Structures are given as structure tokens and as C-alpha cells.
Amino acid sequence: MKNRFIFITMIFLQLGVFLAMVVSKEIVMKKGSTHKFQVISRDPYDFMRGNYLTINLDHSELEKDYGDLKNKNGYLIVKKDGEWSRITEFSEKKPEGMEYIKGKIRNSYKNKTYFENPFKRYYMEEGEAKKSEKKIIEGSKAYIVVKIYKGRYVIESIEIE
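Residues numbered from 1 in each chain as written. Predicted model: local features only at pLDDT ≥ 70, side-chain atom pairs only at ≥ 80, totals over all residues. Heavy atoms only, no water.

Examining the side chain of Asn117
Line of reasoning, step 1. Looking at the element boundaries, Asn117 is found in the loop between β8 (112–115) and β9 (121–123).
Line of reasoning, step 2. Engagement of the side chain of Asn117 in a polar contact is seen with the backbone oxygen of Ile55, the distance being 2.5 Å.
Line of reasoning, step 3. In contact with Asn117, other than residues within four places in its own chain, are Ile55, Asn56 and Leu57. (Helix = DSSP H or I, 4+ residues; strand = E, 2+ residues; numbered from the N terminus. Polar contact = N/O pair within 3.5 Å; in protein donor to acceptor, adjacent residues only side chain to side chain. Contact = heavy atoms within 4.5 Å.)

As C-alpha cells, this is what we get:
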């Protein structure tokens, strides 16, 4: 009887964790604000996960020198500049009244601070990643559409013009 209770409890806990992950992403998709970031990318392959594009933002530095914050976790502040969005500032404390995502400072050099790219991968259908990479190499512009809500984000799509 006790073993059966433990077994059933473990099943519900596993389902609960999975459900929480799905609900968390859905909340960001429903309530989050939409941002577009210009990107450059390349197409690797992961044996376990398939084809994806490695996403690199067209910017990876902040204009302000944040000094000795190397490898410091905090919040990257996102601001819209017309149609496009950029990561413009870093804060160790949760910003109030601003769009932000959780992020990390890599290092500082010559009065600029470099942040770790928060958007790393976008998974695509088999073969689509290679086609997309080819278009980007040939000069097509690419950008990602991201939903941001309370520090969390979901990459909604990648657009290649």
C-alpha cells in the first residue's frame, strides 16, 4: 500500500513539473510584450535535438562600463528603438516599470561591457535550418520575434527577409 502511494505521488509530481513548464511558457506568450531583435546566425546540428540556428544578436555590448561585474547575474534591460529592440542596460536589482530579461555580464573592455547572449538557439524542421542559414549567408536580413514577460522570454519565431 505504501509503495503504491509513493509510486502514484511520483507520477503526479513528474506530471506537475511538466505542466508547470508548459504553463509558464504559455503565460509569457499570452501576457508578454513583443520585441524584434536583429540577429546573425549559423547552422549547427545537435545529435540529440536536431537542427537549430545558433542565434547571435547584432549587438553584444552595452555602452556603459559596469566595471568589475564580470560573470555577474542580473537583469538585462530591453528598450524598443522604433521597430527594433536592443539590450541597453544592466541592473543587479529587478527593474521596475521596464522590460527586462534575466541575463549575465561576461566582461568589460575599453569602456564597454559585454553581456552573454540570452537567446542562444532556435530549433527548426529538418533541413529548414540549412536553408535559413544559406539565405542569411547570401545577405538576407534576419530577426527574431521574442515575447517578454516579467524577466522571462519565449522566442516566437525567426523571420528571414
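Additional details are given in the paragraphs that follow.
Side note on the pattern of salt bridges
Line of reasoning, step 1. Applying the stated criterion across every chain, the model contains five salt bridges.
Line of reasoning, step 2. The closest approach of N and O atoms between Glu83 and Lys36, which form a salt bridge, is 2.5 Å. On the criterion of sequence distance, the pair formed by Glu83 in the loop between β5 (73–81) and β6 (84–91) and Lys36 in strand β1 (residues 33–42) is long-range, its members being 47 residues apart.
Line of reasoning, step 3. Judged by relative accessible area, which is 18%, Lys36 ranks as buried.
Line of reasoning, step 4. We note a salt bridge from Lys120 to Glu116, for which the minimum N-O separation is 3.5 Å.
Line of reasoning, step 5. Residue Glu116 is classed as partly exposed on the basis of its relative accessible area, which comes to 32%. (Salt bridge = Lys/Arg side-chain N within 4 Å of Asp/Glu carboxyl O. Buried < 20%, exposed > 50% of the residue type's maximum accessible area, 1.4 Å probe, protein only.)

Some words on the pairing of strand β11 (residues 152–160)
Line of reasoning, step 1. Of the pairings in the sheet, the one linking strand β10 (residues 142–149) to β11 comprises eight bridges and is antiparallel in character. Each bridged residue has a counterpart across the sheet, and for Ile144 the counterpart in β11 is Ile158.
Line of reasoning, step 2. The turn linking β10 back onto β11 is made up of two residues, and Lys150 within it adopts a positive phi angle of 50 degrees. (Pairing = 2+ DSSP bridges.)

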